[in-house]
Amino acid sequence: MHTTQAIDYKARMATGLTYDEYLATWQAHMAMPLKGLDKNARKYLFYARYNAERSGRVESEYKMDQKLADLIDSIAAPQDWLILTEDWCVDSAYALPIISKAAARNPHINLRILLRDDNLDIMDQHLTDGGRSIPKLIAFGAEGTELFQWGPRPDTLKQLRETWKAAGIEGPKLSEQGVVWYEEGGWQMVETELIDAIANSEVLV
């Protein structure tokens, strides 16, 4: 654990979105017309639309495990939970519904979402294997002390991706296999790892 002094996280959190506000910006993005968009913008718009369906399935199916509920209920002091993400991110679509429900359970938890591409200075202090991978959850306590991190995806999927890469699977096919894993119930590993991250941190103070 450490205290980051280069960035005023408290001030940046104040500029962040609540989960409901993030969903509203997501909806606004999906409502954009394709006409006039360049190739990359069209691609990200398609991703955002697919991800809304994926996130919606998790929202409807997810039932919080009692162990996570008990851990969240045990948090007795204010915590700031910062998430870096974008609506085109597949991993985020499956993870955010779980993280947001956990945060919403306890009024001590202040959850705010920052768009990665507008906050690269923060992202670059929380890289994964040198990359700007999202989503990234960073929890802070008093005076900006970092309590725990999670992301960008469950360790099981990370290991599977390495296996798939070694087998020559790359690019879109790699992402497709990740989606299949999530759709077969892999998204539940997000909760399992969130439980471990909280239980093994200083968050319960």
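Coordinates for the structure precede this section.
So, here is what we can say about the structure in this document. Since we're looking at a predicted model, the values are computed, not measured.

Turning our attention to the pairing of strand β4 (residues 146–150). Burial analysis of β4 places 4 of its 5 residues in the buried class, which makes it a mostly covered element. Where strand β3 (residues 136–140) meets β4, 4 bridges bridge the pair, whose relative direction is antiparallel. Looking at the pairing, L137 lines up with W150 of β4. A loop of 5 residues connects β3 with β4, the two strands running antiparallel in sequence, and E143 in this loop sits at a positive phi of about 60 degrees.

The amide bond that connects I134 to the next residue, P135, takes the cis arrangement and shows omega of 5 degrees. Secondary-structure assignment places P135 in the loop between α6 (120–123) and β3. At the junction of G151 and P152, the peptide bond is cis and its omega measures out at 5 degrees in the coordinates.

For the pair helix α7 (residues 155–166) and helix α8 (residues 171–186), the least separation of the axes is 11 Å and the interaxial angle reads 145 degrees. In the packing of α7 onto α8, the handedness of the crossing is right-handed. Seen from α7, the contacting residues are T156, L157, L160, R161, W164 and K165; seen from α8, they are L174, Q177, G178, W181 and Y182. Residues that form the contact of α7 with α8 fall into these classes: 6 nonpolar, 3 polar and 2 charged.

Rules used in this analysis
Residues numbered from 1 in each chain as written. Predicted model: local features only at pLDDT ≥ 70, side-chain atom pairs only at ≥ 80, totals over all residues. Heavy atoms only, no water. Buried < 20%, exposed > 50% of the residue type's maximum accessible area, 1.4 Å probe, protein only. Helix = DSSP H or I, 4+ residues; strand = E, 2+ residues; numbered from the N terminus. Pairing = 2+ DSSP bridges. Axes fitted to C-alpha atoms, helices over the stretch in contact; angles between N-to-C directions. Left-handed = near helix turned anticlockwise from the far one by under 90°. Contact = heavy atoms within 4.5 Å. Nonpolar A, V, L, I, M, F, W, Y, C, P; charged D, E, K, R; others polar.

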